[in-house]
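What the coordinates show
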Amino acid sequence: MVAVGVDGCAKGWIAAAIEGGQVVTVEYLSTIAALPARFPEAVTVGIDIPMGFPPPTGYPRPAEVTAKKLLGPLQNSVFLTPPRAVLEMPTHAEATALATELIGKGISQQSYALRTKIFEVQAWLPAAGFDVREVHPELSFLLLAGAPLQPSKRTWGGMAKRREALAAVGLEIRNVSADASRFGAADDVIDAVVAAWSADRVQR
């Protein structure tokens, strides 16, 4: 069975497919809606994007609180998803004002910038046709390696450790398409592969 992992990149998404315990391909998708046509044989999809919103009285999401505790020194890699109404605000200033009113604090520019991809996935999910799971790459690496991996994946040492962890379970990164190489950063590719590992783990 094919499992697919997806991670956002600057101009779309990077998607990695695993079958038989190996990375089959890593592709670039301009939109998440392109995934079914590119991977029609997929059964489970793991995607690194929030797929739910907390109610105003239920902030933050329990899953994100748990993720932060598990990740310890890497907890800042988990963003706390604000209520939907906050991300629906047309500007960051308005979003921050509403967040302050609803949850007692503003939101970062980075959290606000995720709104486009969050809403893109929300619109796609009803017709996705797959078992789609929200994943977090650093949590996946924690499960894969047995501990949070340091240093940051954006450093050479951190990148090497994560590639070694993937290789230890047979996931050598190969067959990266030209567009995936062009549009995706190195950490986007690694995150997509480990998200696919989590999707494959769900299947198994």
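Right, let's walk through the structure included here. None of the values given here were measured: they were computed from a predicted structure.

Side note on the overall build of the protein chain
Counting secondary structure elements, the protein chain contains 10 helices and 5 strands. Taking 204 residues into account, the globule formula puts the C-alpha radius of gyration at 17 Å, and the protein chain, at 17 Å, falls close to it. For the C-alpha atoms alone, the extent of the protein chain along its principal axes is close to 50 × 35 × 30 Å. Classification of the 204 residues of the protein chain by burial places 47% in the buried group.

Thoughts on the side chain of lysine 68
Within the secondary structure layout, lysine 68 lies in helix H2 (residues 62-71). Residue contacts for lysine 68: discarding those within four places in its chain leaves Gln75, Asn76, Val78 and Leu80.

As for the pairing of strand E4 (residues 42-47)
Of all 6 residues making up E4, 5 are buried, and the element is well covered by its neighbours. By the bridge criterion, 5 bridges tie strand E1 (residues 2-9) to E4 in an arrangement that is parallel. Looking at the pairing, glycine 5 lines up with glycine 46 of E4. Pairing geometry for E4 and strand E5 (residues 131-134), over 4 bridges, is parallel.

Observations concerning the side chain of glutamate 138
Looking at the secondary structure, you find glutamate 138 in helix H7 (residues 137-145). Side-chain polar atoms of glutamate 138 contact the side chain of arginine 162, separated by 3.1 Å. Non-local contacts of glutamate 138, meaning those with residues more than four positions away in its chain, are made with Leu71, Leu74, Ser77, Leu149, Lys153 and Arg162.

Quick look at empty space enclosed by the protein
According to the stated counting rule, one finds 1 cavity of 30 Å³ or more in the structure shown. Quantified by volume, the largest cavity comes out at close to 40 Å³. For the largest cavity, the full set of lining residues is Pro50, Phe79, Leu80, Thr81, Pro82, Leu87, Ser111, Leu114 and Ile118. Tallied by class, residues from the lining of the largest cavity come to 7 nonpolar, 2 polar and no charged.

Digging into the nonpolar core
Burial of nonpolar side chains together is a common tendency in soluble globular proteins. Counting 28 residues, the largest nonpolar core has Val4, Val6, Trp13, Ile32, Leu35 and Ile47 as its most contacted members. Elements represented by at least two residues in this core include exactly E1, strand E2 (12-19), E4, helix H3 (84-87), helix H4 (92-103) and helix H6 (115-124). When residues of this core are assigned to their parent elements, the largest contribution, 4 residues, is made by H4. Beyond its immediate stretch of four places on either side in the chain, leucine 35 contacts Val4, Val6, Leu29, Val45, Trp124 and Phe130. Core analysis: the second largest hydrophobic core is formed by 23 residues, Ala16, Phe141, Val193 and Ala196 among them.

Some words on the packing of H7 against helix H8 (residues 156-168)
Two packed helices can be described by the angle between their axes and the distance between those axes. At a minimum axis distance of 10 Å, the contact between H7 and H8 shows a crossing angle of 55°. Considered as vectors, H7 and H8 are oriented oblique to each other. The hand of the H7/H8 crossing is left-handed. For the pair H7 and H8, contact is made by Glu138, Phe141 and Leu144 and by Arg162, Ala165 and Leu166, respectively. Here the residues of the contact of H7 with H8 sort into 4 nonpolar, no polar and 2 charged.

Cut-offs and rules
- Residues numbered from 1 in each chain as written.
- Predicted model: local features only at pLDDT ≥ 70, side-chain atom pairs only at ≥ 80, totals over all residues.
- Heavy atoms only, no water.
- Helix = DSSP H or I, 4+ residues; strand = E, 2+ residues; numbered from the N terminus.
- Rg over C-alpha atoms; globule rule 2.2 N^0.38 Å.
- Buried < 20%, exposed > 50% of the residue type's maximum accessible area, 1.4 Å probe, protein only.
- Contact = heavy atoms within 4.5 Å.
- Pairing = 2+ DSSP bridges.
- Polar contact = N/O pair within 3.5 Å; in protein donor to acceptor, adjacent residues only side chain to side chain.
- 1 Å grid on protein atoms, 1.4 Å probe; cavity = no way out; pocket = protein on both sides within 12 Å on 5 of 7 lines; lining within 4 Å.
- Points joined across faces, edges and corners; volume = space filled by probe spheres on them.
- Nonpolar A, V, L, I, M, F, W, Y, C, P; charged D, E, K, R; others polar.
- Core = buried A, V, L, I, M, F, W, Y, C linked by side-chain atoms within 4.5 Å.
- Axes fitted to C-alpha atoms, helices over the stretch in contact; angles between N-to-C directions.
- Parallel < 35°, antiparallel > 145°, perpendicular 65-115°, else oblique.
- Left-handed = near helix turned anticlockwise from the far one by under 90°.

Everything listed is a geometric property; what it means functionally is a separate question.
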